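Remarks on the overall topology
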Amino acid sequence: MREILQTMRDWFDQDKSVALATVVEIYGSAPRGLGAKMAINQDSLMTGSVSGGCVEGAVVSEALQVLKSGTPKLLHYGVTQDQAISVGLACGGTIEVWVERLTPQAFTRLERDLLEDRLAIIVTILSGENAGEQIYVYPDGNIDGHFFDENLNKKVDAELPEIFRRQHSQRRQFQIDGKFLDVFFDVLTPSPKLIIVGAVHISIPLVHYAKILGFHTIVIDPRKAFGNLERFPHVDELVNQWPQEFLESYPWDHGTYLVVVSHDDKLDVPALEIACKNESRYIGALGSRKTFGNHVRDLKDAGINDEQIARIHSPIGLDIGARGPEEIALAIITEMIAVRNGLEIKK
């Protein structure tokens, strides 16, 4: 969504009418995931993608009708082989796309939350007489809007904690007064930031992988022999401070990923302590089970409770039989992406 914000802002500044198309269901495989977006203006110009080029032309045509009528539509591509061919879906699976007219006020709120890296969920009714109704929900419990049915509000509320935890868009079906309603939970996630404590050799490929995958990268190490631009020319921020000096004032959010790999308790433990007290998407600690056991002891001595400690992934990384810095870094980034995609990690 961030990739198309500026174009959409330009359109609204030019008083253009804008429709927003969102992938709300995938059957089988598809080029784009749930929540993928494309915007279309009244001049048939588009930005973004819902299928990697497969059905965009068909969606543009439908979006123009939505702009004229003001009535949102749920589009389904791939029901039959003939339909799949007619919209070019042979290159992927079957998808459903929700198309709605976006008001300037709704866009301004969407833009603000994304630019401020604020985690939010837009909950939209996709079916029935009340299709198109939306509420905005934030993890602090703030809810803007109210659905027509109190029972539906309660069912939606019951789903929110798990969806906020996974930060992954979901579609649900609820039975209300004997009728089934489809509801889409569209998760707006903060931009991903990776903080690495310890400018060791593993950190070099880890920064490289993270940047390819869209992370803003920060490496912290007070030891200039380790943390220097000769070793990390590709990092976004290189911080030659003690971790606690930097992290105490860092603006943590639900898009923050912390990895401690220094093998130095004076660096790792304070960083873990601060991370456990703040919002974050992922916390990982490199080291043996014995080393992590010592970290747990020190964290408890610092007042960190069991629930907070349970957020730490250790041993860090997925078990891929990694050997050497590059493979260990790959195992770490793979686990981070699994978490970002809402998968459960069991060790």
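For clarity, every value in this text was computed on a predicted model and none was experimentally measured.

Residue proline 315 is reached from serine 314 by a cis peptide bond, and omega for that bond is 5°. Among the secondary structure elements, proline 315 is positioned in the loop between strand S16 (312-313) and helix H11 (324-340). A positive phi angle, near 65°, is found at histidine 263, a position not held by glycine. Its place among the elements puts histidine 263 in the loop between strand S14 (256-260) and helix H8 (265-276).

Before going further, it helps to examine the side chain of aspartate 253. Counting through the fold element by element, aspartate 253 comes out in the loop between helix H7 (243-247) and S14. On the basis of relative accessibility, which here comes to 9%, the residue aspartate 253 falls in the buried class. In this structure, aspartate 253 is in contact with Asp117, Pro190, Lys193, Glu279, Ser280 and Arg281, ignoring residues within four places of it in sequence.

The subject of this paragraph is the packing of aromatic side chains. On inspection of all chains with the given rule, the structure shows six aromatic pairs. The rings of Phe215, Tyr257 and Tyr282 are connected pair by pair, giving a single aromatic cluster. Positioned above the aromatic ring of tyrosine 138 is the side chain of arginine 118, whose terminal nitrogen or guanidinium carbon lies 3.7 Å from the ring centre.

Inspection of the secondary structure puts proline 251 in the loop between H7 and S14. According to the relative accessible area criterion, proline 251 is exposed, its value standing at 59%.

What follows covers the sheet that holds strand S15 (residues 282-285). Ordered by their spatial adjacency, six strands build an open sheet running S13-S12-S11-S14-S15-S16, and the pairing between neighbours is parallel. Lying at the two open borders of the sheet, with one neighbouring strand each, are strand S13 (237-239) and S16. By the bridge criterion, five bridges tie strand S11 (residues 193-197) to S14 in an arrangement that is parallel. Bridge pairing in S14 places leucine 194 opposite tyrosine 257. Against the sheet, helix H6 (residues 203-212) engages S11, strand S12 (216-220) and S14, with an angle of about 180° to S11.

Structurally, the position occupied by threonine 217 is in strand S12. Residue class for threonine 217 comes out buried when judged on its relative accessible area of 0%. Setting aside residues up to four positions removed in sequence, threonine 217 forms contacts with Leu194, Val207, Ala210, Lys211, His234, Val235, Asp236 and Glu237.

What follows deals with the nonpolar core. Among the nonpolar cores identified, the biggest contains 26 residues, and Leu247, Leu258, Leu272 and Ile312 are the most heavily contacted of them. Of all the secondary structure elements, the ones that give two or more residues to this core are S11, S12, H7, S14, H8, S15 and helix H9 (289-301). Considering each element in turn, this core owes the most residues, seven residues, to H8. Apart from the residues within four sequence positions on either side, leucine 258 is in contact with Ile195, Val197, Leu247, Trp252, Ala271, Leu272, Ala275, Tyr282, Ile283 and Gly284.

How each quantity is defined
- Throughout, a residue's number is its position along its own chain's written sequence, starting from 1.
- Owing to the predicted nature of the model, reporting of local features is limited to residues with pLDDT of at least 70; listing and counting of side-chain atom pairs is limited to 80 or more, with chain, interface and lining totals taken over all residues.
- The basis for every side-chain value is the complete set of heavy atoms in the structure, and neither hydrogens nor water enter the calculation.
- Only DSSP runs of H or I reaching four residues or more are called helices, and only runs of E reaching two or more are called strands; each is numbered from the N terminus.
- Summary of the burial criterion: residues with accessible area below 20% of their type's maximum are buried, those above 50% are exposed, and those between are partly exposed, where the area comes from a 1.4 Å probe applied to protein chains only.
- In this description, contact between two residues means that some pair of their heavy atoms is separated by no more than 4.5 Å.
- Stacked, tilted and edge-to-face pairs are distinguished by plane angle, under 30 degrees for stacked and over 60 for edge-to-face with tilted covering the rest, among Phe, Tyr and Trp rings (Trp via its six-membered ring) whose centres lie within 6.5 Å.
- Only when the NZ of Lys or the CZ of Arg is both within 6 Å of the ring centre and within 35 degrees of the ring normal is a charge said to sit over the ring.
- The rule for pairing is simple: two strands pair if DSSP sees at least two bridges between them.
- Simply put, an axis is a line fit to the C-alpha atoms, just over the touching stretch for a helix, and the angle between two N-to-C directions goes from 0 to 180 degrees.
- What makes a nonpolar core is a set of buried Ala, Val, Leu, Ile, Met, Phe, Trp, Tyr and Cys residues whose side-chain atoms join them at distances within 4.5 Å.

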